[in-house]
Amino acid sequence: MSAIQASRGTRDILPGEVGYWQRVESIAREILGRAAYQEIRTPIFEQTDLFERGVGEATDVVSKEMYTFQDRGDRSLTLRPENTAGVVRAFVEHHLHAQGGVQRLWYLGAMFRYERPQAGRQRQFHQLGVEVLGSSDPRADAEVVVIAAELLQAIGLKDLRLEFNSIGDQRDRQHYREALITYLMPYKADLDSDSQDRLTRNPLRILDSKDQKTQAILQEAPSLLDYLSPESQQRFERVQQLLIDSGISYNINSRLVRGLDYYTHTVFEIQSDDLGAQATVCAGGRYDGLVTDLGGPETPAVGWAIGLERLILLLQQLQPPIAPTLDFYIVSRGDRAEAQALKLAQLFRNTGFSVELDLSGSAFGKQFKRADRSGAVACLILGDAEAEDETVQLKWLASGEQQAIAQADLPKMTDELRQQIDRWRC
RNA sequence: GCGAGCGUAGCCAAGUGGUUAAGGCAGCGGAUUGUGGUUCCGCCAUUCGGGGGUUCAAGUCCCCUCGUUCGCCCCA
């Protein structure tokens, strides 16, 4: 009989690895909290329409990567492939705009895309993201980029680069689109087949083709940056100046275009060379039209998302796993001693120590072997003799020193024990 | 969705058609029935991801399938 396995493209995060996740999550909470961002949790599935309208029907994410299903009420629902659309839906639905000012939100959760799994790409994956709604100020763009950079740095990632671009507004892009098509048409036969296909459907995406020949042709192509209106140009320069003032270095990459339809003006990616075919750890940009597209009042917005599996892939290359620490390991034998040991474990846990109780009932020798392997600093020993006179043997595992302590004295020794544990640990 | 590689125990693996599937780590038991980290001994795959085929004979060759890895597409 074959055992059931996790579904293709999904993964268990086992205890040996979960320390990385907990660290990333707690650093994120702290940094985002200090920047006055508030957490928002939205449903893991939404009406299919939301993503078709929000992300864009022509995008690959929507046209071929969604987990869409009919529920028993015959509604078409979709597991969220990204979370900006969901957050904006919640923002509009609950009239968060009516609270005035700027809404700074963050989220963390599972996303789903039906794709071929690879390193750094899964069908269920996790994103940490921020969305700033209600400000068109270039400082908002700069703020989210700065926060992303600080967060990644605080987590400990190295050798990242920020690729930065502006894709202007709708009108700028329309003009550029025409110019690009005019330029590329004569070379059509020499483009790779995907790019030929995109020439009419989504020409901007040809810009980040990986095909050598296509890239060679693009060398002389008009640049998007030359088609920005004076206003768009000015705002692009302002955001750059703010980044420089904040000490953030970046690359202008006029070929950077994003795959989701809602972006306007600022777009950026934070990339690494240590992720194989996938380079992007964090990506985002401004999306001034999305809130109105989803039925809300005109609300400029900017945000990003970090792929947590990718981030942790990088982190694992840099840092050893984080093992939990253990203060006491309790060894016991005999009915009365075992009962007392259980109570002692409770007492120690309640005074803030971490405690593992040996449940094997095997010989003391075996229990000590396990105590040793548990990484505990000290061992508490209870046998028939200790049960009889209500004492406990305290043994420091590093030195082997051992002393008898009356069980009744333990509560008042908490501070002293804490100090000794800390001393042994150094 | 397309192209390529891989799949032997919990983990790392040897094995390249010929009788019983190396070895290491981990685990469990014992030497040591109240004291660990060393050492020694023993146990731990009727079976090679699954199914079918070729052959006197298949972990080894072929086909299908599942999983996984890499690349393309795309994306976090």
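What comes next is a walk through the structure.

What counts as what
Residues numbered from 1 in each chain as written. Chains lettered and ligands numbered in written order. Predicted model: local features only at pLDDT ≥ 70, side-chain atom pairs only at ≥ 80, totals over all residues. Heavy atoms only, no water. Helix = DSSP H or I, 4+ residues; strand = E, 2+ residues; numbered from the N terminus. Polar contact = N/O pair within 3.5 Å; in protein donor to acceptor, adjacent residues only side chain to side chain. Contact = heavy atoms within 4.5 Å. 1 Å grid on protein atoms, 1.4 Å probe; cavity = no way out; pocket = protein on both sides within 12 Å on 5 of 7 lines; lining within 4 Å. Points joined across faces, edges and corners; volume = space filled by probe spheres on them. Salt bridge = Lys/Arg side-chain N within 4 Å of Asp/Glu carboxyl O. Buried < 20%, exposed > 50% of the residue type's maximum accessible area, 1.4 Å probe, protein only. Axes fitted to C-alpha atoms, helices over the stretch in contact; angles between N-to-C directions. Parallel < 35°, antiparallel > 145°, perpendicular 65-115°, else oblique. Left-handed = near helix turned anticlockwise from the far one by under 90°. Pairing = 2+ DSSP bridges. Near = heavy atom within 4 Å. Nonpolar A, V, L, I, M, F, W, Y, C, P; charged D, E, K, R; others polar.

1. What to know about the side chain of histidine 126
Consideration 1: Secondary-structure assignment places histidine 126 in strand β6 (residues 124-133).
Consideration 2: Within the structure, the side chain of histidine 126 is placed 2.8 Å from the side chain of glutamate 309, a separation counted as a polar contact.
Consideration 3: Histidine 126 has contacts with Trp21, Gly109, Ala110, Ile306, Gly307, Leu308 and Glu309, leaving out every residue within four places of it along the chain.

2. Brief notes about empty space enclosed by the protein
Consideration 1: Taken as a whole and assessed by the stated rule, the structure comprises 1 cavity of 30 Å³ or more.
Consideration 2: Taken as a whole, the largest cavity encloses approximately 40 Å³ of empty space.
Consideration 3: Of all elements in the fold, only α12 (335-350) and α15 (414-425) reach the threshold of two or more residues within the lining of the largest cavity.

3. Observations concerning the pattern of salt bridges
Consideration 1: Summed over all chains, the structure comprises 23 salt bridges.
Consideration 2: Linking glutamate 46 and arginine 89 is a salt bridge whose minimum nitrogen-to-oxygen distance equals 2.5 Å. Taken as a pair, glutamate 46 in strand β2 (residues 45-47) and arginine 89 in helix α4 (residues 84-93) lie far apart in primary sequence, 43 residues in all.
Consideration 3: Of the charged contacts in the structure, one is a salt bridge between lysine 412 and aspartate 409, with a shortest N-O distance of 3.3 Å.
Consideration 4: With a relative accessible area of 68%, lysine 412 lands in the exposed category.
Consideration 5: By relative accessible area, aspartate 409 is classed as partly exposed at 29%.

4. A few points about the packing of helix α1 (residues 15-34) against helix α5 (residues 138-155)
Consideration 1: At a minimum axis separation of 10 Å, α1 and α5 run at an interaxial angle of 140°. On the basis of the axis angle, α1 is oblique to α5. Considering how the two elements wind past one another, α1 and α5 form a crossing that is right-handed. The residues of α5 that touch α1, namely those facing Arg23, Val24, Ile27, Ala28, Ile31 and Leu32, are Ile147, Glu150, Leu151, Ala154 and Ile155.

5. A closer look at the sheet that holds strand β14 (residues 378-382)
Consideration 1: The strand order across the open sheet formed by 5 strands is β13-β12-β14-β15-β16, and the pairing between neighbours is mixed. Here the strands that pair on one side only, and so sit at the sheet edges, are β13 (355-357) and β16 (402-406). The mean angle between the axes of side-by-side strands here comes to 25°, regardless of whether they run parallel or antiparallel.
Consideration 2: The pairing of β14 with strand β15 (residues 391-396) spans 4 bridges and is antiparallel. Considered in β15, the bridge of isoleucine 381 is made with glutamine 393.
Consideration 3: Set on the sheet, α12 makes contact with β12 (328-332), β13, β14 and β15; between it and β12 the angle comes to about 165°.
Consideration 4: Of the strands in this sheet, β12 and β15 touch α15, which is tilted by about 25° from β15.

6. A word on the protein's contact with RNA strand B
Consideration 1: Residues in contact with RNA strand B amount to 50 residues; listed here are only the nearest, Arg113, Arg198, Arg205, Arg258 and Leu397.
Consideration 2: Counting only the atoms of RNA strand B that lie within 4 Å of the protein, the sugar and phosphate share comes to 56%.
Consideration 3: In the model, a base oxygen of RNA strand B is placed 3.5 Å from a nitrogen or oxygen of the glycine 400 main chain.
Consideration 4: In this structure, a base oxygen belonging to RNA strand B sits 2.7 Å away from a side-chain N or O atom of glutamine 402.
Consideration 5: Elements with a minimum of two residues in the surface near RNA strand B: α3 (60-64), β6, α7 (193-201), β10 (280-286), β11 (301-307), α13 (364-374), α14 (384-389) and β15.
Consideration 6: The greatest single-element share of the surface near RNA strand B, amounting to 8 residues, is contributed by α13.
Consideration 7: In terms of residue class, the surface near RNA strand B is made up of 13 nonpolar, 14 polar and 23 charged.

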